[in-house]
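# Breakdown of the fold
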Amino acid sequence: MTLTQGIYIVIGAAALLVFLSMMTLALTWLERKTLARIQMRMGPMRVGFHGALQPIADALKLVSKEDILPSWADRRIYWLAPLAVFVPAFLLWVTIPVARDVALANLDLGLFYIVAISVLSVMGLVMAGWSSANKYAMLGGLRAAGQLVSYEIPFIMAILAVAMLAQTLNLREIVAAQSTFAYALILPLSLFLFLTAGLAELGRTPFDIHHAESEVVGGPFVEYSGAHWAVFFLAEYINTFTIAALTALLFLGGWGWPTMPFDGLAHSALSVLWFMVKTYAVILVIFWIRGTYPRLRIDQLMAFGWKLLVPLSFVNIVLVGAVLFYGLPLWVLSLLSVITLAITFYIIVRNAGTRMERNTVSVYSAASLRR
Amino acid sequence: MIITASLVLFYVAGAITLGGALVVVMSRNIVYAAFGLLASMVGVAGLFLIALAEFLALAQLLIYGGAVVIVILFALMLTRIEDFENLSDHPQWPIAAVVAIAVFGVIAATIIGTAAPESERVSLSFTALGSSLFTEWAIAFEVASLILLVALIGAVVMVRTSRGRD
Amino acid sequence: MLELAHFQVISAALFAIGIYGVLARRSAVLVLMSIELMLNAVNINLIGFAAYGDFTEGQRALGQVLIIFIITIAAAELALAIAIILRLYRNRSSVNVDDMNLLKW
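Bear in mind that the values here come from a model prediction, so they are computed numbers and not experimental data.

Below, the discussion takes up the pattern of salt bridges. Residue and element names in this part refer to chain A. Considering all chains together, one arrives at 4 salt bridges over all chains under this definition. Between Arg-204 and Glu-31 there is a salt bridge, with its nearest N and O atoms 2.4 Å apart. Within this pair, whereas Arg-204 is found in the loop between α8 (188-202) and α9 (213-216), its partner Glu-31 is found in helix α1 (residues 3-38), the two being separated by 173 residues in sequence. A residue is classified by how much of its surface remains accessible, and Glu-31, at 2% relative accessible area, is buried. Between Asp-58 and Arg-32 there is a salt bridge; the shortest N-O distance is 3.0 Å. Here Arg-32 lies in helix α1 and Asp-58 lies in helix α2 (residues 54-64), a separation of 26 residues in the sequence. Taken together, the shared-partner salt bridges in this structure form one network comprising Glu-31, Arg-204 and Arg-290.

Before going further, it helps to spend a moment on the interface of chain B and chain A. The interface is formed by 23 residues belonging to chain B together with 25 residues belonging to chain A. Of the roughly 2,100 Å² buried between chain B and chain A on both sides combined, carbon and sulfur atoms contribute 86%. Interface area lost by chain B to chain A is led by B:Tyr32, B:Leu58 and B:Leu62, which between them contribute 27%. Between chain B and chain A we count 0 salt bridges in total. Taken together, the links from chain B to chain A amount to 1 residue pair in polar contact (both at pLDDT 80 or more). For the side of chain B that touches chain A, the secondary-structure elements that each account for two or more residues are α2 (30-50) and α3 (54-79) of chain B. A total of 13 residues in the side of chain B that touches chain A trace back to one element, the largest contributor, which is α3(B). Across the side of chain B that touches chain A, the residue classes tally to 17 nonpolar, 3 polar and 3 charged.

Further remarks concern the packing of aromatic side chains. With the rule as written, the count across this model stands at 22 aromatic pairs over all chains. Each ring, one from B:Phe134 and one from B:Phe141, has its centre 4.8 Å from the other, and the planes form 70°; the classification is edge-to-face. Three or more aromatic residues joined by ring pairs make a cluster, and in this case those are A:Tyr78, A:Trp79, A:Phe221, A:Tyr224 and A:Phe232.

What follows covers the interface of chain B and chain C. In this assembly, 79 residues from chain B lie in contact with 61 residues from chain C. Here chain B and chain C share an interface that buries about 6,900 Å² over both sides, 77% of which is from carbon and sulfur atoms. It is B:Val25, B:Leu124 and B:Met158 that lose the most area in chain B upon contact with chain C, and together they represent 9% of the buried surface on that side. Counting the contacts that link chain B with chain C gives 0 salt bridges.

Moving on to the arrangement of the chains. Across the 2 pairs of chains that are in contact, the largest number of contacts falls between chains B and C. Contact between chain A and chain C is absent, and the minimum C-alpha spacing across the pair is 14 Å.

Attention now goes to unusual backbone geometry. You will see that A:His50, though not glycine, has its phi angle at about 50°, which is positive. Tracing the backbone through its elements, the reader meets A:His50 in the loop between α1 and α2. Not every positive phi belongs to a glycine, and B:Leu52 is a case in point at roughly 60°. For B:Leu52, the position within the fold is in the loop between α2 and α3. According to the relative accessible area criterion, B:Leu52 is partly exposed, its value standing at 23%.

What follows deals with empty space enclosed by the protein. Residues and elements named next belong to chain A. Under the criterion given, the structure shown has 1 cavity of 30 Å³ or more. The space that makes up the largest cavity amounts to roughly 330 Å³. In this structure, the largest cavity is lined by 24 residues; those nearest its centre are Ser-121, Leu-148, Glu-201, Leu-202 and Asn-239. Listed by contribution, the elements that provide at least two residues to the lining of the largest cavity are α3 (75-91), α4 (110-131), α5 (135-166), α8 and α10 (226-250). Here the lining of the largest cavity gets 7 residues from one element, more than from any other, and that element is α10. Here the lining of the largest cavity is composed, by residue class, of 15 nonpolar, 7 polar and 2 charged.

Let us now look at the nonpolar core. Ranked by size, the top nonpolar core spans 180 residues in total, and within it A:Trp93 and B:Leu73 carry the most contacts. A total of 16 residues in this core trace back to one element, the largest contributor, which is α4(A). Filtering out sequence-adjacent residues up to four positions away, B:Leu73 remains in contact with A:Met123, A:Val126, B:Val31, B:Ala34 and B:Phe35.

All names here are of chain C. Between helix α1 (residues 4-24) and helix α2 (residues 28-52), the shortest axis-to-axis distance is 8 Å and the interhelical angle comes to 165°. Taken together, α1 and α2 sit at an angle that is classed as roughly antiparallel. For the pair α1 and α2, the crossing hand works out as left-handed. Residues Leu-4, Phe-7, Gln-8, Ile-10, Ser-11, Leu-14, Phe-15, Ile-17, Gly-18, Ile-19, Gly-21 and Val-22 of α1 form the contact with α2, whose own contacting residues are Val-31, Ser-34, Ile-35, Leu-37, Met-38, Asn-40, Ala-41, Ile-44, Asn-45, Gly-48, Phe-49 and Tyr-52. Of the residues assigned to the contact of α1 with α2, the class counts are 16 nonpolar, 8 polar and no charged.

Quick look at α1(A) now. With 36 residues, α1(A) extends 52 Å between its outermost C-alpha atoms, agreeing within 8% with the 52 Å of an ideal straight helix rising 1.5 Å per residue. Two residues or fewer after α1(A) comes A:Met40, characterised by a positive phi angle close to 60°.

Further remarks concern the side chain of A:Asn170. All names here are of chain A. Relative to the helices and strands, Asn-170 is located in the loop between α5 and α6 (171-177). Given the relative accessible area of 3%, Asn-170 is considered buried. Only 3.2 Å separates the side chain of Asn-170 from the side chain of Asp-108, close enough to count as a polar contact. Look past the residues within four positions of Asn-170 in its chain and what remains in contact with it is Asn-106, Leu-107 and Asp-108.

The next point concerns the environment of A:Pro220. Structurally, A:Pro220 is set in the loop between α9 and α10. Ignoring sequence-local partners within four residues, the contact set of A:Pro220 consists of A:Leu125, A:Ala128, A:Gly129, A:Ser132, A:Ala137, A:Gly140, A:Gly141 and A:His210.

Glancing now at the packing of helix α12 (residues 298-325) of chain A against helix α13 (residues 330-350) of chain A. Residues and elements named next belong to chain A. Between α12 and α13, whose axes approach to 10 Å, the crossing angle comes to 165°. By the angle class used here, α12 and α13 are roughly antiparallel. Relative to α13, α12 is oriented so that their crossing is right-handed. Contacts between α12 and α13 involve Phe-304, Leu-308, Leu-312, Val-315, Leu-319, Val-320 and Val-323 from the former and Leu-333, Leu-336, Ser-337, Thr-340, Thr-344, Ile-347 and Ile-348 from the latter. Of the residues belonging to the contact of α12 with α13, the class tally is 11 nonpolar, 3 polar and no charged.

Rules used throughout
Residues numbered from 1 in each chain as written. Chains lettered and ligands numbered in written order. Predicted model: local features only at pLDDT ≥ 70, side-chain atom pairs only at ≥ 80, totals over all residues. Heavy atoms only, no water. Salt bridge = Lys/Arg side-chain N within 4 Å of Asp/Glu carboxyl O. Helix = DSSP H or I, 4+ residues; strand = E, 2+ residues; numbered from the N terminus. Buried < 20%, exposed > 50% of the residue type's maximum accessible area, 1.4 Å probe, protein only. Contact = heavy atoms within 4.5 Å. Buried area = accessible area lost by both parts, 1.4 Å probe. Polar contact = N/O pair within 3.5 Å; in protein donor to acceptor, adjacent residues only side chain to side chain. Nonpolar A, V, L, I, M, F, W, Y, C, P; charged D, E, K, R; others polar. Phe/Tyr/Trp six-rings, centres within 6.5 Å; stacked < 30°, edge-to-face > 60°. 1 Å grid on protein atoms, 1.4 Å probe; cavity = no way out; pocket = protein on both sides within 12 Å on 5 of 7 lines; lining within 4 Å. Points joined across faces, edges and corners; volume = space filled by probe spheres on them. Core = buried A, V, L, I, M, F, W, Y, C linked by side-chain atoms within 4.5 Å. Axes fitted to C-alpha atoms, helices over the stretch in contact; angles between N-to-C directions. Parallel < 35°, antiparallel > 145°, perpendicular 65-115°, else oblique. Left-handed = near helix turned anticlockwise from the far one by under 90°. Expected span 1.5 Å × (residues − 1).

Now the structure itself:
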């Protein structure tokens, strides 16, 4: 490793950090505006044009806030936890390309790298939950661990189907393989699994039970304030952006579908633009879901993950494997996928609001308690 | 002795590995021990990376970083150990230390006493690893998956509380 | 210059630390963690040989395949051991290995 390589890595990492921070600021504004529109409000309007400078004001407020350390907290782990959440979120972007020739490192094991690194962020949440010495934080941390580990399986299986079809783990080659058909057309089932499990991995509504304000008052982050809370916040939005970007790359054809006309720098610029359009479309869908879905209960969350998504992801793998093994045309796969998806939706609609198991929650009437 | 970048990285990864391991065996707080184990496993993943085995490094992170440490933490939370933060060592710990140092001494002396052939690191493409795993060692792979299944079913059966009792 | 011996020494040190943990710690969970350390010491040794040894590609692949199996079996062993520890805790309200002495002389 020479000096120029070292300098290149430092500059690349710094550029990536700036890019991701900008995206986070944009996302917070976009989220507030979208939610406001869904709820027939205006959202932030005061700072800048239609509140465009609101994220910067928020960031300044957060940084200038006092950092509070609870007296019973475990100091070392408490300060380390935000870092343990942020670093994996940041490291993921090392291999995610935004255009054919624009990526920090084009790893051959790109997809596997993403799977392996994304698992690590669970540790940060558990660390935050444990070290805060707060029962709500502890509950939130354990909920996060249970939820993320459960939804890891359908998440990985959905990615695996894409890798099987593309015959590669390299993200750039996966995009190249979609130049004729985006995989959303061939693998709608996989797309559904990926987005649902991805939302759960992010802990966004309707899967935000680990920092559900009305149940565990903010979960692992209860005790955090100021700059350290801002780091968690940053990591969460970077992760949202990552899931959206991965959806665009793996299922919507990234920059490669439909094919770009130019070459060279114009190709790159146009690719980035096209990629961003797709990513933000997915992000709007995520915000839309947040604005319109109620939160799941924890037993519903686990039941949905283990009884529906996990078997479905296995079915998905079997379908892809069978079609590839017998060399059937790809439209058979999309047909099978759509049929499975239709059956799934039918099951979901039939079992909407899964019946409460006995002994999970006891409901007392106010009268019985007064007696 | 020539200092190369890979040597520096090796010492960093080795220090993380051994430091984490020392936290596991020394700390008075069992949660610190779990985080020490995590650090140690990340260090081992780094060593794999330095030995040019990217796939194994990522698998190590995935399995140990994600799963194993979480399982251990869950076990800690479920057992409600009273002396959670004030562990005591077995009174035989001096003997244990002597044994550990002796083992290390014997192995290290053997390593240094054996002339290793001068050679360079050779990487193995993960496609070669995959084809070896799924053709030559396919039966072993299936048996391993069966063992995992049996172990997990056994674990579930063992910790399950039958309703009515408990 | 990075050599095979570096990997072997790190491996030996990690193994020794693991042995110390198994012998000196009282909590069963910590004994389990120490066993994980020892398994990883073996993995480091294997990867050192797989990278440096004078082998054919198939033999190198075998070295890495062996590590995959060790990781798999370690995970299975961990799940079972944690289950046993939880069961012991329910029966004897302790995870202290000294208290499990019914089979002792």
